[in-house]
Amino acid sequence: MSLRHFVLVIANVLLVIVTGCASSQTGNANAPANTPEVTDVSMRLQWLPQFQFAGYLVAEARGYYRDAGLNVTILPGGPDAIPLPLVATGANTFGSTGADTVLISREQGIEVVALATWFQASPVAFMVHRDSGIRSPQDFVGRRVGMFYGDNVETEYRALLAATGVDPASVNEIPGDYSLAPFLERRADVWPVYATDQPYTARAAGADIDLILARDYGVELMGDVLFTTAEFARKHPNTVRAFVQATLRGWQDAITDPAAAIEIILARSPDFDRGHLEFEATETIKLLRYGIGARCVGASDRQAWAKEADLLRSLGVLKTNIDPSTVLLTDAVDEYYRARGIECGK
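This text gives an overview of the structure that appears in the document. (Residues numbered from 1 in each chain as written. Predicted model: local features only at pLDDT ≥ 70, side-chain atom pairs only at ≥ 80, totals over all residues. Heavy atoms only, no water.)

## Details of the overall build of the chain
Along its length, the chain carries 14 helices and 10 strands. Whereas a compact globule of 346 residues would reach a radius of gyration of roughly 20 Å, the chain reaches 20 Å, a difference of no more than 12%. Projected onto the principal axes, the alpha-carbon positions of the chain cover approximately 65 × 45 × 35 Å. Burial status across the chain gives 55% buried among its 346 residues. Considering only residue pairs separated by 6 or more positions, the chain has 82% of its internal contacts joining residues 24 or more positions apart. Taken as two groups, the 30 positive and 41 negative side-chain charges of the chain have centres that lie 3 Å from each other. (Helix = DSSP H or I, 4+ residues; strand = E, 2+ residues; numbered from the N terminus. Rg over C-alpha atoms; globule rule 2.2 N^0.38 Å. Buried < 20%, exposed > 50% of the residue type's maximum accessible area, 1.4 Å probe, protein only. Contact = heavy atoms within 4.5 Å. Lys, Arg positive; Asp, Glu negative; His and termini not counted. Charge placed at Lys NZ, Arg CZ, Asp CG, Glu CD.)

## Things to note about the sheet that holds strand 2 (residues 71-75)
Read across the open sheet, the five strands follow the order 2-1-3-10-4; overall the sheet is mixed. Edge strands, defined here as strands with exactly one partner in the open sheet, are strand 2 and strand 4 (112-117). Each neighbouring strand pair of the sheet contributes to a mean axis angle of 30°, computed without reference to strand direction. Relative to strand 2, strand 1 (residues 40-44) is paired through five bridges, and the arrangement is parallel. Note on strand 2: the bridge partner recorded for aspartate 40 is asparagine 71. The strands that helix 2 (residues 54-61) touches are strand 1, strand 2 and strand 10 (224-229); relative to strand 2, the one it contacts most, it runs at about 140°. (Pairing = 2+ DSSP bridges. Axes fitted to C-alpha atoms, helices over the stretch in contact; angles between N-to-C directions.)

## Quick look at the side chain of arginine 106
With respect to the secondary-structure elements, arginine 106 resides in helix 5 (residues 99-107). With relative accessibility at 15%, the residue arginine 106 sits in the buried group. Apart from the residues lying within four places of it in its own chain, the contact partners of arginine 106 are Glu111, Val112, Val113, Thr326 and Val327.

## Quick look at helix 13 (residues 302-314)
Here helix 13 spans 18 Å end to end across 13 residues, near enough to the 18 Å set by a 1.5 Å rise per residue. Of the residues making up helix 13, those classed as buried are Trp305, Glu308, Ala309 and Leu312. All buried residues of helix 13 lie within an arc of 100° about the axis, which places them on one face of the element. Residues of helix 13 that are exposed and angled more than 90 degrees away from the buried face: Gln303, Lys307 and Ser314. (Expected span 1.5 Å × (residues − 1). Arc of directions from axis to C-beta.)

## Structural notes on unusual backbone geometry
With phi around 60°, arginine 186 is a residue other than glycine that occupies positive phi space. Along the polypeptide, arginine 186 turns up in the loop between helix 7 (181-184) and strand 8 (190-194).

## A closer look at the packing of helix 10 (residues 237-256) against helix 14 (residues 331-338)
The contact between helix 10 and helix 14 brings their axes to 9 Å, and the two run at 55°. With respect to helix 14, the element helix 10 is oriented oblique. Along this stretch, helix 10 crosses helix 14, giving a crossing that reads as right-handed. Listed contacts from helix 14 to Arg241, Val244, Gln245, Leu248, Arg249 and Gln252 of helix 10 are Ala332, Val333, Glu335, Tyr336 and Tyr337. Each residue belonging to the contact of helix 10 with helix 14 can be placed in one class, and the counts come to six nonpolar, two polar and three charged. (Parallel < 35°, antiparallel > 145°, perpendicular 65-115°, else oblique. Left-handed = near helix turned anticlockwise from the far one by under 90°. Nonpolar A, V, L, I, M, F, W, Y, C, P; charged D, E, K, R; others polar.)

## Here we look at the environment of alanine 233
Of note, alanine 233 is situated in helix 9 (residues 230-235). When its relative accessible area of 10% is taken as the criterion, alanine 233 is described as buried. Taking the C-alpha atoms as reference, alanine 233 lies 9.1 Å from valine 112; in sequence the two are 121 residues apart. Discounting chain neighbours no more than four positions away, the residues touching alanine 233 are Val113, Thr228, Val240 and Leu329.

## So, the pattern of salt bridges
Across all of its chains, the model carries 16 salt bridges by this definition. The partner of arginine 130 in a salt bridge is aspartate 208, and the shortest N-O contact between them spans 3.4 Å. Here arginine 130, found in the loop between strand 5 (124-129) and strand 6 (144-147), pairs with aspartate 208, found in the loop between helix 8 (198-204) and strand 9 (209-212); they are 78 residues apart in sequence, far enough to count as distant. Residue classification places arginine 130 among the partly exposed positions, given a relative accessible area of 38%. (Salt bridge = Lys/Arg side-chain N within 4 Å of Asp/Glu carboxyl O.)

## Comments concerning the nonpolar core
Judged by nonpolar contacts, the single largest core of 55 residues is most densely connected at Met43, Phe51, Tyr56, Phe94, Trp118, Leu226 and Phe243. Tallying contributions element by element places helix 10 first for this core, with nine residues. (Core = buried A, V, L, I, M, F, W, Y, C linked by side-chain atoms within 4.5 Å.)

## Section: the packing of aromatic side chains
Per the counting criterion, the structure on display carries 14 aromatic pairs. Ring plane angle 80° and centroid distance 5.8 Å describe the contact between phenylalanine 94 and phenylalanine 232, whose orientation is recorded as edge-to-face. Of the two residues, phenylalanine 94 sits in strand 3 (residues 94-98) while phenylalanine 232 sits in helix 9, which places them 138 residues apart along the sequence. The buried category is assigned to phenylalanine 232, whose relative accessible area is 7%. Taking 6.2 Å as the distance between ring centres and 50° as the angle between the ring planes, the aromatic pair formed by phenylalanine 126 and tyrosine 157 counts as tilted. Taken together, the residues span a long stretch of sequence, with phenylalanine 126 in strand 5 and tyrosine 157 in helix 6 (residues 152-164) at a distance of 31 residues. Using a relative accessible area of 0% as the deciding quantity, one classes tyrosine 157 as buried. Joined through ring pairs, the aromatic side chains of Phe51, Tyr56, Tyr65, Phe94, Trp118, Phe232, Phe243 and Trp251 make up one cluster. (Phe/Tyr/Trp six-rings, centres within 6.5 Å; stacked < 30°, edge-to-face > 60°.)

## Concerning the pairing of strand 4
A large share of strand 4 lies buried, amounting to six of its six residues. Alignment of strand 4 against strand 10, held across five bridges, turns out to be antiparallel. In the strand pairing of strand 10, alanine 116 is matched with leucine 226.

This is the structure:
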């Protein structure tokens, strides 16, 4: 089931489930004004606990969540644990997803809000074998291109073809696979990947590869976003503030000392490959520091969000105009930097 169809299903059950969950989340009426209204919260990642999520993992390991008055459970994501529906239905408190998913969900009536924008540029890339002769999207014509339908990979792919004048009908799309085997075995010519992660795996398997990035062709999309439901944010502003700002501390540490962050990740998941994590750290920090992130990691550039909404509408992914002001809840991030004498702007 595609994400866009799935969010329609979730919209039908959201009110019943969230209302039930919210009724059990009560705070202490006599607590100080800035005390978290809810202390036990969960964070659903998009994938395994690797450097892509270092900010959360470092914040947990170094006690930043505890210092903020929170007891945080960090949970892995995957094909059977998708953050959007789990957060939207109240099963989890916070989640990580793509900016496009937040915008699509809002149009479908699922009231989620973006609290921080981590990846200011999309991590999606299109991987090719160097000896394939594929140098640009125009070379996709007549080739076999792996595709993951209904998520940010498809969105970026469609935008890339539109920006470069390539007719989708001229490309032979094949279903994607979470394994790189179709690409490594040359059953696919082009394979969508996260540039922060899978190129390392491909090279470790002996492949000589190049990456084609949509942003090199004027397609500016964002990546990972921290989100929760609008209802939770409205009822528990102190909890949201505490979680966001503790996570920002975690990200600042991870960026300043990625080697220490990698040790934290390996302590949690000792089967991970250190070299892989080091590659991921280097590439992840580039995306965190892109655009407005060079000044304020986690800040949300309203113009970038508006441009992404416009692009999604031009592709037919969105049917209506989405005002970023209805999607972004930036107070916690803005306050964090303002307390340090930094105005993020935009």
